[in-house]
Amino acid sequence: MKVPDPAPVLELIDAFRRSKTMFAAVSLGVFQALHEGPAELSSLAARLLGATNDAGPLERLLDACVGLGLLVKRDGAYANQPVAETYLCDHSSLSLTGYVLYSNEALFPLWTHLEDAVREGTHRWTQTFGWQGSLFDHFFKTDERRRSFLRGMHGFGQLSSAAVVAAFDLSRFRRMADLGGATGHLAIAACERYPRLRAIAFDLPAVIGMAQDYVSVSAAHDRIETVAGDFFRDALPRADLYSLGRILHDWPEDRIRLLLSKIYAALPPGGALLIAEKLLDEDKSGPTPVHMQSLNMLVCTEGKERTLTEYAALLREAGFAGVVGRRTGAVLDAILAVKEDP
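The shown structure was predicted, so the numbers you read here are calculated from the model rather than taken from an experiment. (Residues numbered from 1 in each chain as written. Predicted model: local features only at pLDDT ≥ 70, side-chain atom pairs only at ≥ 80, totals over all residues. Heavy atoms only, no water.)

### A few points about the nonpolar core
The biggest cluster of nonpolar side chains holds 31 residues, and the ones touching the most others in it are Val165, Leu170, Leu241 and Leu274. Breaking this core down by element, the ones donating at least two residues are helix H10 (143–166), helix H11 (185–193), helix H13 (211–215), strand E8 (272–277) and strand E12 (333–338). Ranked by residue count, the leading element in this core is H11, at six residues. If near-sequence neighbours (up to four positions away) are discounted, Val165 is found in contact with Leu170, Leu186, Ala189, Ala190, Arg193, Tyr194 and Leu274. The next biggest cluster of nonpolar side chains, apart from the first, holds 29 residues, and it includes Ile263, Ala312, Ile335 and Ala337. (Core = buried A, V, L, I, M, F, W, Y, C linked by side-chain atoms within 4.5 Å. Buried < 20%, exposed > 50% of the residue type's maximum accessible area, 1.4 Å probe, protein only. Helix = DSSP H or I, 4+ residues; strand = E, 2+ residues; numbered from the N terminus. Contact = heavy atoms within 4.5 Å.)

Structural data, given as structure tokens:
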């Protein structure tokens with residue numbers, strides 16, 4: 001019998017080392033330091049580690065980042081590759097550094113207990129950190145951590161929101177309320193695409209304050225409001241189009257049913273709900289990035305990723321009709337559910 005190629009197994013053995021290498025380089029400030037220009041090892045070591053530290057370990061990390069395609073090394077000086085300058089430096093509007101740091105400090109430790117999460121079917125907050133209550137309540141209790149995470153999520157939004165709002169023709173709608181809108185990236189993308197649309201980014205007071213910074217630099221800033229509130233507890237802003245971006249996958253079915261029913265009741269006839277989530281294939285055999293995100297939901301939330309059929313069942317139970325899903329080719333897919341005229 002021919003021996004199978006071990007490459008898939010060897011690649012997975014190595015995969016977490018590659019991730020952690022990038023995480024460590026971001027955490028140490030490597031890419032941000034090189035945003036100022038190329039630098040030699042001794043200069044970087046003095047800036048990042050202090051003058052008395054051995055530069056040898058840092059050299060290993062830097063050379064590994066060269067091998068990963070994140071840095072380039074010429075004549076003994078290191079410099080950012082364009083991909084690092086774009087996604088791993090704080091100055092960029094597409095920066096993912098906040099989410100990288102969150103992955104390093106919160107998700108990486110949580111994932112070490114994946115076996116227990118599978119056995120018990122519950123998140124790992126208490127086991128990993130000793131926390132009682134939501135991961136978000138504890139990890140984001142400082143303003144610095146919250147803002148860093150939101151910057152990262154804005155970067156993710158920049159990669160997907162334009163594709164989500166283009167997945168369906170939304171030109172008939174006049175007022176959109178993006179619930180859990182964070183930095184407003186979905187509302188911004190929608191208003192920039194549809195010139196007659198007005199929008200509200202609606203989120204918790206500790207979160208929504210950051211949205212105005214991003215809204216203010218949009219060409220559609222005069223048509224976008226930021227409103228503080230809790231979509232489970234407070235009245236929803238008036239709208240004929242609601243949106244939920246990466247919200248439903250955080251919650252179990254009972255909380256989803258509550259939220260969808262509330263949205264349905266608030267919509268006028270002919271109104272709709274736009275959902276941005278990763279969609280599993282109907283037989284749940286893929287895509288692999290969605291499998292990985294669903295396991296991530298297992299260790300850090302009470303939710304999971306779902307198929308279009310599973311989302312449609314929840315939406316129709318709430319009263320929605322005409323549920324349609326679209327693959328966008330971006331990080332998130334799109335679902336549109338309509339409230340029919342009586």
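### As for the side chain of Ser294
As for its placement among the helices and strands, Ser294 is situated in helix H15 (residues 288–300). What Ser294 contacts, discounting residues up to four positions off in sequence, is Lys304 and Glu305.

### Concerning the pattern of salt bridges
Under the definition given, this model contains 15 salt bridges. Measuring nitrogen to oxygen at the nearest pair gives 2.9 Å for the salt bridge that ties Glu317 to Arg257. Of this pair, Glu317 sits in helix H16 (residues 308–318) while Arg257 sits in helix H14 (residues 253–266), and the two are 60 residues apart along the sequence. (Salt bridge = Lys/Arg side-chain N within 4 Å of Asp/Glu carboxyl O.)

### Observations regarding unusual backbone geometry
The omega torsion across Gly286 and Pro287 is -10°, close enough to zero to call that bond cis. Notably, Ala182 is not glycine yet its phi reads approximately 50°, a positive angle. Structurally, Ala182 can be placed in the loop between strand E4 (175–179) and H11. With relative accessibility at 13%, the residue Ala182 sits in the buried group. Phi at Arg246 takes a positive value of approximately 55°, unusual for a residue other than glycine.

### Concerning the pairing of E12
Judged by how many residues are buried, E12 sits mostly within the fold: five of six residues are covered. As paired elements, E8 and E12 share six bridges and run antiparallel to each other. Bridged to Ala276 within E12 is Ala334. As consecutive antiparallel partners, strand E11 (residues 321–326) and E12 are separated by six residues, and within that stretch Gly329 has a phi angle of approximately 80°, a positive value. (Pairing = 2+ DSSP bridges.)

### Examining H16
Those residues of H16 lying buried are Tyr311, Ala312, Leu314, Leu315 and Ala318. End-on, the buried residues of H16 take up no more than an arc of 165°, which puts them together on one face. Gly319 sits one or two residues past H16 and shows a positive phi near 115°. (Arc of directions from axis to C-beta.)

### Thoughts on helix H4 (residues 56–67)
With 12 residues, H4 ought to run about 16 Å at 1.5 Å a step, and its terminal C-alpha atoms sit 17 Å apart, in line with that. If you check which residues of H4 are buried, you get Leu58, Leu61, Leu62 and Cys65. The arc enclosing the buried residues of H4, seen along the axis, measures out at 95°, which places them on a common side. Turned more than 90 degrees off the buried face of H4, the exposed positions are Arg60 and Gly67. Close packing links the buried residues of H4 with helix H1 (7–28), helix H2 (30–34), helix H3 (41–48), strand E2 (71–74) and strand E3 (77–80). Phi for Gly69, located one or two positions after H4, is positive at around 85°. (Expected span 1.5 Å × (residues − 1).)

### Brief notes about the sheet that holds strand E6 (residues 224–228)
Pairing in this open sheet of seven strands is mixed, and the strands run E6-E5-E4-E7-E8-E12-E11 from one edge to the other. Each edge of the open sheet carries a strand with a single partner, namely E6 and E11. Across this sheet, the average inter-strand angle for adjacent strands is 20°, counted without regard to direction. Of the strand pairs in this sheet, E4 and strand E7 (residues 241–245) are connected by four bridges, and their pairing is parallel. Bridging across to E7, Leu179 finds its partner in Leu244. Sitting on the sheet, H14 is in contact with E4, E7 and E8, with an inclination near 160° to E7. This element, H16, spans E8, E11 and E12 of the sheet and lies at about 155° to E11. (Axes fitted to C-alpha atoms, helices over the stretch in contact; angles between N-to-C directions.)

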